[in-house]
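# Residue-level structure breakdown
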Amino acid sequence: MVPNPDSGAPKPLWSFTPDEALVPTSMLVSNGTLFTLGSHLTAVDTATGTVKWAGKGVNTLYTAAGAGHVFVGSFQGATGYDAATGAETWNTVNRENNADDLSNVYALRADDKVLYALANAKPYGATTAPAPVVLAYSIDTHEKLWSVPMEVGERAQYLDNAAVGGNLYYTNGRCDLVARSGQDGRQLWLVETGATDTIPPAVADGQAYCLAGRNALRAVSLADGRRLWEVELVDGATGAFPPVTAANGVVYGGNGTAAVCAWDARTGRQLWTCPVPFRPSETEPVLVQDTLFVAGQGIEGVHAVDVKTGRLRWTFAVNTYPVTTENRKWTLATDGQRLLAKLGSTVFALPPE
């Protein structure tokens, strides 16, 4: 995969292509390390692009990082690896009598105290089919803290979620937004959105952002789920709102057209609109310092927008790549200093200028 020299973008700081195909959606960054998944877990230094360590083979699609570990799910539980060395240092335990049988555990998110996961659960001794649950493990004791049933349809592992302030925020099978306490699983609130699709809930400055109805973005209070404001897609836009990100009192994202927008996080008032070469896709935008990165599909590339002026700086594109249904989507992440953009099985590190 070769960058397009005519796109006006700076040269990548480095690129990384492993010897194996990477899982399309998996790219996790924590404390200066990029974790990628193929047939095994690999840790890459985000400053240099060099491999720090390559772990044992894993059978999962998702990872989570917290408390100095990187976690992966397995058929019956979750395993944690030391983020610095790759040594296996953590495993789930369950000392409950007559505990549910768990299978297909997916690591969702982690903070310094709790690992959140999805799994299929069957009550002890039951002959019924397993049902999906959301559950949490204590990172300190390795034990399960709580488990609650989940309505998610057929693909439980694709739950949109965020973990902030000791709580878990996620979209359920009805596309509603749910807030749960990380320590005991208690439902704090539920927002009925009326949406038919979901985006990862962007959470910042005491607010969360989700889809609402057929074509709106809603801001809600983290304290009680109260609706604060809604904005609708502009005329001529198709589909639903793409994902957004929020920071420093501003919400950034697409508006369903070939443009990127900024909204005041307090009122929902639009601050600026920036035309871009292609319509932003379902990839979550990423903010690196004063540059917002949004992605199109495949060779449409990644657009860098100056958030101070609302103007397009450049578009990073590649000449060609092996197109499949699974790898047409860019995945974006940041270590705070640079953008990490993955397409197919190649990761590019780009400067924020």
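The structure reproduced in this document is the subject of the present report. These figures come from a predicted structure and were not determined experimentally. (Residues numbered from 1 in each chain as written. Predicted model: local features only at pLDDT ≥ 70, side-chain atom pairs only at ≥ 80, totals over all residues. Heavy atoms only, no water.)

## Regarding the overall build of the protein chain
Scanning the protein chain from terminus to terminus reveals zero helices and 32 strands. Taking the principal axes of the C-alpha coordinates as reference, the protein chain spans close to 60 × 45 × 30 Å. The buried share of the protein chain, reckoned over its 353 residues, is 55%. Contacts spanning at least 24 positions in sequence make up 43% of the contacts within the protein chain whose residues lie at least 6 apart. (Helix = DSSP H or I, 4+ residues; strand = E, 2+ residues; numbered from the N terminus. Buried < 20%, exposed > 50% of the residue type's maximum accessible area, 1.4 Å probe, protein only. Contact = heavy atoms within 4.5 Å.)

## As for empty space enclosed by the protein
This model, assessed by the stated rule, comprises one cavity of 30 Å³ or more. In this model, the largest cavity occupies a volume close to 30 Å³. Together, T171, C175, D197, T198, I199, C210 and L211 line the largest cavity. Split by residue class, the lining of the largest cavity holds four nonpolar, two polar and one charged. (1 Å grid on protein atoms, 1.4 Å probe; cavity = no way out; pocket = protein on both sides within 12 Å on 5 of 7 lines; lining within 4 Å. Points joined across faces, edges and corners; volume = space filled by probe spheres on them. Nonpolar A, V, L, I, M, F, W, Y, C, P; charged D, E, K, R; others polar.)

## Side note on the packing of aromatic side chains
Under the counting rule described, the total for this entry stands at twelve aromatic pairs. Look at Y62 and Y106: their rings are 6.1 Å apart centre to centre, the planes differ by 70°, and that puts the pair in the edge-to-face class. Taken together, the residues span a long stretch of sequence, with Y62 in the loop between strand 5 (51-57) and strand 6 (63-66) and Y106 in strand 10 (residues 101-110) at a distance of 44 residues. Residue Y62 shares its accessibility class with Y106, and that shared class is buried. Here the aromatic rings of Y209 and W229 are separated by 5.9 Å at their centres, their planes lie at 45°, and the arrangement is tilted. With Y209 in strand 19 (residues 207-212) and W229 in strand 21 (residues 227-232), this pair connects stretches of sequence that are 20 residues apart. (Phe/Tyr/Trp six-rings, centres within 6.5 Å; stacked < 30°, edge-to-face > 60°.)

## Regarding the nonpolar core
Core analysis: the largest hydrophobic core is formed by 19 residues, its most contacted members being Y209, L217, F241 and V251. If you list the elements that add at least two residues to this core, you get strand 18 (202-204), strand 19, strand 20 (216-221), strand 21, strand 22 (244-247) and strand 24 (259-264). Contacts of F241, omitting those with residues within four sequence positions, involve I199, L211, N215, A216, L217, V231, E232, L233, G254, N255 and W263. (Core = buried A, V, L, I, M, F, W, Y, C linked by side-chain atoms within 4.5 Å.)

## Here we look at the sheet that holds strand 16 (residues 177-181)
Reading across the sheet, the four strands line up as 14-15-16-17 and stay open at both edges, with antiparallel pairing between neighbours. At either end of the open sheet lies a strand with only one pairing partner, and these are strand 14 (161-164) and strand 17 (187-191). Across the sheet, the mean angle separating the axes of adjacent strands is 15° when strand polarity is ignored. Sheet topology places strand 14 next to strand 15 (residues 167-171); four bridges connect them, and they run antiparallel. By the bridge assignment for strand 15, N161 is matched with Y170. (Pairing = 2+ DSSP bridges. Axes fitted to C-alpha atoms, helices over the stretch in contact; angles between N-to-C directions.)

## Overview of the sheet that holds strand 9 (residues 88-91)
As summarised here, the arrangement of the four strands in space is 6-7-8-9, forming an open sheet in which the pairing is antiparallel. Each edge of the open sheet carries a strand with a single partner, namely strand 6 and strand 9. Geometrically, the sheet is characterised by an average inter-axis angle of 30° between neighbouring strands, direction not taken into account.

## Some details on the pattern of salt bridges
For the coordinates displayed, the defined rule picks out nine salt bridges. D184 is the salt-bridge partner of R186, the closest N and O atoms lying 3.6 Å from each other. The exposure class assigned to R186 is partly exposed, which follows from its relative accessible area of 48%. Note that D306 and R313 form a salt bridge whose closest N and O atoms lie 2.9 Å from each other. We classify R313 as partly exposed; its relative accessible area is 30%. By sharing partners, the salt bridges in this structure join D290, D306, K308 and R313 into a single network. (Salt bridge = Lys/Arg side-chain N within 4 Å of Asp/Glu carboxyl O.)

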